[in-house]
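Architecture at a glance
Spelled out from the first residue to the last, the chains are:
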Amino acid sequence: MIEIIQSPDNNRVIADANETLVVLKSTSGNEYYIQLDIFVNDSLFTSRSISKDNNGLGTFNFAHFYEDYFNITLPASSNNGFVEHNELKKKIHFIAYEKPIQGLIATSQITSPEFYIIKSSVPFDFTDTQMAPLFIPALEQHLPKTGQIRIPFYAPKETTTNITIVTDANETLYNSTFLHTVSGVTSFSYTFLSNAIPQFCPYITVTLTNGEQLIKLVYHIISAPKYEPKKIMVLNNVGLFLPVYILGVLEDVRKLEPNAFLNTEDNEETYEVLEEVNYTLNSGYQSTETKALNLFVAKSIDVRFFINNKWVRVSAGTKKIEHFRDNTYIYEDALQFKVVKTTFGDSEESYLVAPNLQDISVSENVNTTIKVHKSLFENALNDSPVTKLRLSSGTLNGIYGWEDNNGNYQEIFNPNDATPFQEVILDFETFQFLVYYPDTNASGDPLDTVLFSLRNSYIYSNQANLELIVNGTAGNQPPTIITESPITVGVNQSGNGSKQIEASITDPENNTLAIVWEALNNAPITFDDTTIAEPEITVNGVDVLEQYQIKVTATDTDNNLISERVINVNTSNYMVSNAQQFDANRSTSQDRFYNISFAGGEPGKAMTLLTDAYFDNNESYAIVDVDGGTNQKLVTSSYRKTTKEFLFDAKGEVNFVLKLRDELSNNLNDVRLRITDLDEGMYTDPNNSELIIR
């Protein structure tokens, strides 16, 4: 038995860097351990094995759990007003399993409440029930008359925040109220026009009010400065770039540093030249707010300085200058910025930014296959080369898959299949087309949408939409009949058996249908109801391995349009079942061995086995000890659906060993084994059709 002792409550918000302990209790003894599957925005993010103490308690700390995965960008511009930053908040839940050390099947499990994490690089006092400032540089700052302010704060959902901007004479420059639809990080941005602030206004006051909470900031207006104010963009600890203005004179010191080596003739050869640029901003007002800003900038994890008409990422620090003076000021604190250029690019170029991906729309007429060429994906990305295509959603109204350079088609998702969608990553070098088969007579704008992203040489882009548009409508169509054929009915020694038919019989225009099932050629087959789409058929006193025929007729009674389908019915007493057994003696921390068995087949005939898995680069699996000890590797990495054919031996069995390898000794993902095809005369046990290896 497993239970949650401590966890964030439902819909509560926590800060990423704060200590957040989850405590779980397993009551089944030392032979069991705890596995924690953690989901981010409803997708599995990671699985962790957790050890227990003598009381059966296991803990997991969410501190700094998700920090590196928030997408932080430097905004080119910012509109005036409030913005809720949902990109800086992630929905979290986890499922805790109690599992035996020598097995894979969980004996119990429990699901946590859903809670949220907001980004934070350092711990801070935080409660999610009231507004709070989020790492504002200083409560008093300098501001040019055409400067920009950006104020980050946390606010609970369904509360309102009012902001006012007033002059020293209490003249209102701005007044607005905002309703927060979600709990999380919000920012207020405002860029002043040249005539917005009165000419002789020494300062403005910005006040934000939410319930009983208040944030008040004072901006001293810069007028007629000796040196132009320097705007610096600084990343604060919740992931927002904030503008900061520093007064002072800028020193620019450049130097070249050649690096050389001795060749075989002992002559010195230069292989690179480092160009180091040091910028020193001497800020000399000696005010409290200036000192606070200097410290805030120096400690920031990301500082951008406007150099040569572009924002460059720099390293920042402070230094003390004792005797630097000009005709007006004496300087003590100085901000230093450094940019180093090498043959490998400067600091800005080495800073990875996710490439921008645009939506794609393709269209075809009704009942026409849509093929999306790889060039359309390349054109949608503002970067090259494209190395990976990641598909992150299924379809509702059609089947889709992909085609490689050799014209081989591989199905990715069929909404009519019970198998849930799993994310797919394709190598772009071998990918040629995405192929979409819309449902018969279906149309829509779009009919289906697939979420996708592309990777350049280093990083994935944002997610975009592939809109699959099917135009027009077909004329009045006859009924559609979809059913398996042949149907195999398992019979006993007396030749008796029954089976439920799986079929879909519909009219494209939803007109009234009349359905009639019948046996052909006096076949010994009866129906429990001949007028429904999925009757149960029964055979009595038949021989094994016989084939009969039945027919279904569907009539659109409004338009007298008729569809017919003849279906073969086979009888068999060869029902194939499966079993698995974990081999503890052969298994190690990296390799797990499973004895796999399929029984009940007809000797000498074949079955086709589909393997379905998603593995990381350090994980693989292989079928071993088959055909005299061959080692047939089926999957090495990424998402694969691979098929392999086996022959039943003289006992009607297929036996082999499945080896799962994990070089990092972590938990492996599932491997699913499913029979997709059997030679005529055999059928699959409907209650035992799939093996899941965990």
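Please refer to the structure higher up on the page.
The text that follows walks through the structure, step by step, so that each part is easy to find. Only a predicted model underlies this, so the values are computations on that prediction, with no experimental measurement involved.

**Focus on the nonpolar core**
- Counting 31 residues, the largest nonpolar core has Phe 377, Leu 389, Leu 391, Phe 452, Leu 454 and Leu 466 as the members making the most contacts within it.
- Every residue in contact with Phe 452, bar those within four places of it in the chain, is listed here: Leu 357, Gln 358, Ile 360, Phe 377, Leu 389, Arg 390, Leu 391, Asn 462, Gln 463, Ala 464, Asn 465 and Leu 466.
- Judged by nonpolar contacts, the second largest core, of 24 residues, contains Ile 149, Phe 188, Phe 192 and Ile 204.

**Let's talk about the pattern of salt bridges**
- Applying the stated criterion to the full structure yields ten salt bridges.
- Among the salt bridges present, the one from Asp 128 reaches Arg 12, with a minimum N-O distance of 2.6 Å. Taken together, the positions of Asp 128 in the loop between strand E10 (115-118) and strand E11 (132-133) and Arg 12 in the loop between strand E1 (2-6) and strand E2 (13-15) put the pair 116 residues apart, joining distant regions of the chain.
- Between Lys 91 and Asp 42 there is a salt bridge, with the nearest N and O atoms lying 2.9 Å from each other. On the criterion of sequence distance, the pair formed by Lys 91 in strand E8 (residues 89-100) and Asp 42 in the loop between strand E4 (32-40) and strand E5 (43-50) is long-range, its members being 49 residues apart.
- Taking relative accessible area as the criterion, Asp 42 reaches 45% and is therefore assigned partly exposed.

**Digging into the layout of surface pockets**
- Put simply, the second largest pocket is a space of about 2000 Å³.
- Those elements that provide at least two residues to the lining of the second largest pocket are strand E32 (431-438), strand E35 (480-483), strand E36 (487-490), strand E37 (497-500), strand E38 (503-506), strand E51 (671-678) and strand E52 (682-684).
- If one sorts the elements of the lining of the second largest pocket by residue count, E51 sits on top with six residues.
- Of the residues contributing to the lining of the second largest pocket, the split by class is 16 nonpolar, 19 polar and 13 charged.

**Description of the sheet that holds strand E26 (residues 360-365)**
- Across the sheet, which stays open at both edges, the five strands sit in the order E26-E34-E33-E28-E31 with mixed pairing between neighbours. Taken across any chain shown, the strands that pair with only one partner, and hence form the sheet edges, are E26 and strand E31 (424-427). Averaged over all adjacent pairs, the angle separating strand axes in this sheet is 25°, with direction ignored.
- Direction of pairing for strand E33 (residues 444-455) relative to strand E34 (residues 464-471): antiparallel, over a ladder of six bridges. Following the sheet pairing, Leu 451 is matched in E34 by Asn 465.

Parameters at a glance
- Residues numbered from 1 in each chain as written.
- Predicted model: local features only at pLDDT ≥ 70, side-chain atom pairs only at ≥ 80, totals over all residues.
- Heavy atoms only, no water.
- Core = buried A, V, L, I, M, F, W, Y, C linked by side-chain atoms within 4.5 Å.
- Buried < 20%, exposed > 50% of the residue type's maximum accessible area, 1.4 Å probe, protein only.
- Contact = heavy atoms within 4.5 Å.
- Salt bridge = Lys/Arg side-chain N within 4 Å of Asp/Glu carboxyl O.
- Helix = DSSP H or I, 4+ residues; strand = E, 2+ residues; numbered from the N terminus.
- 1 Å grid on protein atoms, 1.4 Å probe; cavity = no way out; pocket = protein on both sides within 12 Å on 5 of 7 lines; lining within 4 Å.
- Points joined across faces, edges and corners; volume = space filled by probe spheres on them.
- Nonpolar A, V, L, I, M, F, W, Y, C, P; charged D, E, K, R; others polar.
- Pairing = 2+ DSSP bridges.
- Axes fitted to C-alpha atoms, helices over the stretch in contact; angles between N-to-C directions.

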